[in-house]
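Analysis of the macromolecular model
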Amino acid sequence: MSVQSAIKRKTAPEILARKRGEPIVMLTSYHAHTAALVDRHCDVILVGDSLGNVMHGFETTVPVTLDMMILQGSAVMRGSRQALVVVDMPFGSYEASREQAFHSAARILKETGCGAVKLEGGVRMAETIAFLTERGIPVMGHIGLTPQSINTLGSFRAQGREEAGWAAIEKDARAVSDAGGFSVVVEAVAEPLARKITQDVPIPTIGIGASAACDGQVLVLEDMLGLSPRTPKFVRRYGELGPAIEQAIEGYARDVRSRAFPGPEHVYEMKKTG
Ligand code: KIV
């Protein structure tokens with residue numbers, strides 16, 4: 001048995017069993033090195049398609065491809081040991097048919113080794129969620145604000161701000177649960193709605209900008225670290241790494257320009273001790 005396989009990763013059924021239990025801690029990661037850090041403290045690591053914004057500077061997640069998700073999903077699997085790794089299905093990889101979704105999700109599971117996929121949509125994706133789960137692919141739903149639909153939504157505004165809009169979002173949550181989804185991300189909805197959904201559905205709700213009423217929380221790592229150029233208003237920053245990184249780069253540039261950069265002695269020193 002390899003060292004890796006001696007450590008048991010969390011599974012989708014274990015996360016499902018956390019409904020109304022200990023809150024589920026989830027963060028995004030796209031790289032092996034941040035995955036190793038996140039893995040020590042989180043139950044779930046999401047390889048989100050937000051990597052399109054964070055890593056690649058795209059305005060939206062629409063341009064993200066299946067190959068990009070598989071590449072970064074594999075890196076996160078290499079960097080982590082105990083968390084359930086969930087990889088986002090990118091726009092265009094699952095909406096056309098249940099079969100298209102199965103082929104894409106199967107590629108993600110086979111090529112990354114992750115434990116589940118996430119896809120956006122409730123009622124409209126229910127058949128697909130059932131098709132995947134019946135065929136051995138655990139699915140996390142994503143309702144409320146669904147960023148891949150930006151071109152039909154028109155903006156990244158919070159959803160369900162008026163009570164009149166709540167019923168549709170509640171139906172979405174119920175649809176994900178009835179179809180066999182093991183949990184559902186609820187993005188940018190008002191607290192009373194998030195609370196109602198959390199009470200009503202038997203699967204864990206994982207909130208992002210949806211209040212503490214949910215069964216767990218997720219944030220984009222770079223947003224909470226103060227590394228993203230634009231951060232949604234609801235994000236609490238737990239660090240301000242942007243200025244710290246810039247300070248380090250400035251120090252390096254200053255050393256190089258003033259020829260204070262460590263010389264060969266330093267390198268030999270490192271070789272001796274390393
Ligand atoms: O892509 C992502 O990072 C996400 C989270 C914002 C939930 O879907």
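In the block above lies the structure referred to throughout.
Residues numbered from 1 in each chain as written. Predicted model: local features only at pLDDT ≥ 70, side-chain atom pairs only at ≥ 80, totals over all residues. Heavy atoms only, no water.

1. A closer look at the side chain of T34
By the element assignment, T34 lies in helix α3 (residues 32-39). Given the relative accessible area of 13%, T34 is considered buried. Polar side-chain contacts of T34 include one of 3.2 Å to the side chain of H31. Discounting chain neighbours no more than four positions away, the residues touching T34 are S29 and L221. (Helix = DSSP H or I, 4+ residues; strand = E, 2+ residues; numbered from the N terminus. Buried < 20%, exposed > 50% of the residue type's maximum accessible area, 1.4 Å probe, protein only. Polar contact = N/O pair within 3.5 Å; in protein donor to acceptor, adjacent residues only side chain to side chain. Contact = heavy atoms within 4.5 Å.)

2. Quick word on a nonpolar patch on the surface
Among the surface-exposed residues, L227, L241, I245 and I249 lie close enough to one another that they form a single nonpolar patch of about 310 Å² accessible area. Within the secondary structure, I249 sits in helix α12 (residues 241-257). (Patch = residues over 30% accessible without salt bridge, like charges linked within 9 Å, V, L, I, M, F, W, Y side chains within 5 Å. Areas by Shrake-Rupley, 256 points an atom, 1.4 Å probe, with all protein chains shown as cover. Salt bridge = Lys/Arg side-chain N within 4 Å of Asp/Glu carboxyl O.)

3. A look at the packing of helix α6 (residues 98-112) against helix α7 (residues 126-134)
The interhelical angle for the contact between α6 and α7, taken along N-to-C directions, is 45 degrees, at an axis separation of 9 Å. On the basis of their axis angle, the class for α6 and α7 is oblique. Between α6 and α7 the crossing geometry is right-handed. Facing R98, E99, A101, F102 and A105 of α6, the residues of α7 in contact are E127, T128, F131 and L132. Of the residues that constitute the contact of α6 with α7, the class distribution is five nonpolar, one polar and three charged. (Axes fitted to C-alpha atoms, helices over the stretch in contact; angles between N-to-C directions. Parallel < 35°, antiparallel > 145°, perpendicular 65-115°, else oblique. Left-handed = near helix turned anticlockwise from the far one by under 90°. Nonpolar A, V, L, I, M, F, W, Y, C, P; charged D, E, K, R; others polar.)

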